[in-house]
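Listed here are the chains, written in short residue letters.
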Amino acid sequence: MKRLLLLIALGCALNAAAEPWRPTERWRGFNLLEMFNGRYEPFKEDDFRWMKEWGFNFVRLPMDYRGWIKNGDWEQLDEARLAWIDDAVRLGQKYGIHVQVCFHRAPGYTVAQPPEPRNLFTDPEALRVCALHWGAFAKRYKAVPPKDLSFNLFNEPANVEDDAYLKVATELVRVIRAENPDRMVMADGVSWGSKPAKSLIPLGVAQATRGYTPMSISHYKASWINPPPTATPTWPPTPAVTPLYGEHKAPWNIPLVIDGPMRGTLAIRPGRVSGKVTLRIEADGKTVADHVLDPKVGADGWENAEHKPEWNMTQADCTSTLTTPLPANVRRLQISIAQGDWAALRDLTLTDGAKAATLTFENQWGKTNPPLRFAGFDAKAPFQPATGALTGADFLQRETLAPWQEVVDAGIFVMVGEFGAHSHTPHDVTLAWLEDNLALWKKQGWGWALWNFRGSFGIMDSNRQDVDYETFNGRKLDRKMLELLRRY
């Protein structure tokens, strides 16, 4: 705490001198992917014109540095490709849209595949080259006013130590501000952008968070998430998390407890299972079932099996359903891993005659469940936290805004650099979830940029199967999502 207070005091002193410019209105816009992760195309004027007509004022350009170097030599910059970025900056000025240049793949760092061969946070040569690139961009756009252009250092640092992040960011900010001290520099938060980078407070840089919580909604059936969320998402969010853990994963080995009364038959659909485990069902303190799950390569009832030699165990996705009749009027149901490593749960369903109630699980590694209660088969939310039903806004406030409050209190400018839901997420769930996010960000005064403009997260050509698209200049426009965004 003392270190944080010292950083805040130092940051407040530096902010006024180091970062004098801030936007006077909230940034609201989109990510444009013409130079994203191996895709290299010129930016499109139509995108800027349509955004302006619809009332948006911001674009972020998440770009891959391999697209502007010559013949794979990361020290040689290609003027022809840089001209495409020049065009985007010019189009932003023409249409009154702020452009933010982001090194989504920076020399020495990326969250995408394939990984970079050198590490920006540990390799001085990678840092030198990354600084070379940012210095070149800062010089190239030195005369562009800060109101028209900002720089986002790189995308979503993941498992990066505070001191390493501070060292890298300090050098990159230095070369940028050597050319233009007024340029707004933005750094993504740590843990893939989800948490504030408190160590950067003394630099006086803006910070960007993400709007992808919970992943069961934002990345439902996304092919690049392994394993992808499989339970059909709902909003407000489920109160339950998975996996459940065995005793060797203490202190995470806390059972799932649901208070009743309950009756009928319990059906559980497991997800991924790590090694041989015993899933125990207890009713009012008595064991009513021990389900042994033993994943094996090629065995019936298992998919995507993978042997892990480092742990001498096999992990696989369970395709079976575990059924347990319950005694009458169960007051407390407890589900745990009695033996073994861990097991994910997709959902559980309680049935009694024609009545059924289902609880889905959110995949959040390293988190445990608070006590839940069964509110009855006819309740809108049959399974709830014991403390009461949780609204979507309550969940987002707790999980996504509260962690950033200390940085906001320190005077740091914060925005949401990316957010959105993949095209497989049901449209009604997507819109309800988006609106809760957007309303909170507006109240907080945060700007935002949807990922993306055109594509699976966007308002055009998203290929959703449950949307009645409007034909717009040869494209498929999601009018409902567009009008929702315009309201916030």
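Everything discussed here concerns the structure shown above.
The structure displayed is predicted, hence computed values, not measured ones. (Residues numbered from 1 in each chain as written. Predicted model: local features only at pLDDT ≥ 70, side-chain atom pairs only at ≥ 80, totals over all residues. Heavy atoms only, no water.)

Enquirer: Explanation requested: the pattern of salt bridges in the structure shown.
Expert: A side chain with one charge may pair with a side chain of the opposite charge, provided their charged atoms come close. Enumeration over the complete set of coordinates arrives at 43 salt bridges. Ionic pairing is found between Arg-140 and Glu-79, a salt bridge with its closest N-O pair at 3.0 Å. Here Arg-140, found in helix α4 (residues 124–140), pairs with Glu-79, found in helix α3 (residues 79–95); they are 61 residues apart in sequence, far enough to count as distant. A residue is classified by how much of its surface remains accessible, and Arg-140, at 31% relative accessible area, is partly exposed. Across the salt bridge formed by Glu-156 and Arg-210, the nearest N and O atoms sit 2.7 Å from each other. In this pair, Glu-156 is assigned in the loop between β6 (149–152) and α5 (162–179) and Arg-210 in strand β8 (residues 206–211), connecting sequence segments 54 residues apart. Here Glu-156 matches Arg-210 in class, with each residue buried. Connected through salt bridges with shared partners, the residues Glu-34, Arg-39, Glu-41, Lys-44, Asp-47 and Arg-454 form a single ionic network. (Salt bridge = Lys/Arg side-chain N within 4 Å of Asp/Glu carboxyl O. Helix = DSSP H or I, 4+ residues; strand = E, 2+ residues; numbered from the N terminus. Buried < 20%, exposed > 50% of the residue type's maximum accessible area, 1.4 Å probe, protein only.)

Enquirer: How should I be thinking about helix α8 (residues 392–401) in this particular structure?
Expert: Counting along an α-helix, one turn takes 3.6 residues, and residues three or four places apart therefore face a common direction. Residues Gly-392, Phe-395, Leu-396, Thr-400 and Leu-401 constitute the buried set of α8. Considered in projection along α8, the buried side chains sweep an arc of 160 degrees and stay on one side of the axis. Considering only its buried residues, α8 is in contact with α9 (405–409) and α10 (427–444). (Arc of directions from axis to C-beta. Contact = heavy atoms within 4.5 Å.)

Enquirer: Explanation requested: the packing of aromatic side chains in the structure shown.
Expert: The way to describe two aromatic rings as a pair is by their centre distance and the angle between their planes. Within the structure shown, the criterion is met by 33 aromatic pairs. Between Phe-121 and Phe-154, the ring centres sit 5.6 Å apart and the planes meet at 80 degrees, which makes this aromatic pair edge-to-face. Taken together, the residues span a long stretch of sequence, with Phe-121 in the loop between β5 (98–105) and α4 and Phe-154 in the loop between β6 and α5 at a distance of 33 residues. Phe-154 shares its class with Phe-121; the two are buried. Geometrically, the ring pair formed by Tyr-245 and Trp-252 is tilted, given 5.2 Å between the ring centres and 55 degrees between the ring planes. (Phe/Tyr/Trp six-rings, centres within 6.5 Å; stacked < 30°, edge-to-face > 60°.)

Enquirer: In this structure, what is going on with unusual backbone geometry? I would like to understand it.
Expert: Note on backbone geometry: most residues besides glycine have negative phi, and most peptide bonds are trans. Here the bond from Gly-260 into Pro-261 is cis, since omega is 15 degrees, no more than 30 degrees from zero. Position of Pro-261 relative to the elements: it lies in strand β11 (residues 256–262). Between Trp-451 and Asn-452 the backbone carries a cis peptide bond, its omega angle lying at 10 degrees. Residue position: Asn-452 is located in the loop between β24 (448–450) and β25 (470–472). At Asn-329, a residue that is not glycine, the phi angle is positive and equals roughly 55 degrees. Mapped onto the fold, Asn-329 is located in the loop between β17 (322–325) and β18 (330–339).

Enquirer: Looking at this structure, I do not really get the sheet that holds strand β21 (residues 372–374). What am I missing?
Expert: In a beta sheet, neighbouring strands pair by backbone hydrogen bonds and run either parallel or antiparallel. Strand order in the open sheet formed by six strands is β14-β13-β18-β11-β21-β22, with mixed pairing between adjacent strands. Only two strands of the sheet have a single neighbouring strand rather than two, namely β14 (286–293) and β22 (383–385). For this sheet, the mean inter-axis angle between neighbouring strands, taken without regard to orientation, is 25 degrees. Relative to β21, β11 runs parallel, the two sharing two bridges. (Pairing = 2+ DSSP bridges. Axes fitted to C-alpha atoms, helices over the stretch in contact; angles between N-to-C directions.)

Enquirer: Where do I start with the environment of Val-297 in this structure?
Expert: On the secondary structure map, Val-297 appears in the loop between β14 and β15 (302–308). For Val-297, a relative accessible area of 60% puts it in the exposed group. Separated by 10 residues in the primary sequence, Val-297 and His-307 have C-alpha atoms spaced 7.6 Å apart. Not counting the four nearest positions on each side in its chain, Val-297 is found in contact with Ala-305 and Thr-314.

Enquirer: Looking at this structure, how should I read α5?
Expert: Given a rise of 1.5 Å per residue, 18 residues ought to cover 26 Å, and the 26 Å separating the end C-alpha atoms of α5 matches this to within 8%. Those residues of α5 lying buried are Tyr-165, Val-168, Ala-169, Leu-172, Val-173, Val-175, Ile-176 and Arg-177. (Expected span 1.5 Å × (residues − 1).)

Enquirer: What's the story with the pairing of β17 in this structure? I'm lost.
Expert: Remember that side chains alternate between the two faces of the sheet whenever the strand is regular. Side chains Leu-322 and Thr-324 project from β17 onto a buried face, and the interleaved Thr-323 and Pro-325 project onto a face without burial. The pairing of strand β12 (residues 265–274) with β17 spans four bridges and is classified as antiparallel. Bridge assignment links Ile-268 to a residue of β17, and that residue is Leu-322.

Enquirer: Help me understand the nonpolar core in this model?
Expert: Across soluble globular proteins, nonpolar side chains have a tendency to be buried as a group. The biggest cluster of nonpolar side chains holds 96 residues, and the ones touching the most others in it are Trp-68, Trp-134, Phe-137 and Ile-459. Ranked by residues supplied to this core, first place goes to α4 with eight residues. Here Phe-137 is in contact with Met-63, Trp-68, Leu-82, Ile-85, Val-101, Phe-103 and Phe-151, once residues within four sequence places are set aside. If you look at the next biggest cluster of nonpolar residues, it comprises 34 residues, including Ala-283, Leu-322, Ala-343 and Phe-361. (Core = buried A, V, L, I, M, F, W, Y, C linked by side-chain atoms within 4.5 Å.)

Enquirer: Whenever I open this one, the packing of α4 against α5 confuses me. Can you help?
Expert: A packed helix pair is summarised by two numbers, namely the angle formed by the two axes and the spacing between the axes. The interhelical angle for the contact between α4 and α5, taken along N-to-C directions, is 25 degrees, at an axis separation of 8 Å. The orientation of α4 relative to α5 falls into the category roughly parallel. Crossing handedness for the pair α4 and α5: right-handed. The segment α4 lies against α5, with Leu-127, Cys-130, Ala-131, Trp-134, Gly-135, Ala-138 and Lys-139 engaging Val-168, Glu-171, Leu-172, Val-175, Ile-176 and Glu-179. For the contact of α4 with α5, the class distribution of residues is nine nonpolar, one polar and three charged. (Parallel < 35°, antiparallel > 145°, perpendicular 65-115°, else oblique. Left-handed = near helix turned anticlockwise from the far one by under 90°. Nonpolar A, V, L, I, M, F, W, Y, C, P; charged D, E, K, R; others polar.)

Shape descriptors only; they carry no functional weight alone.
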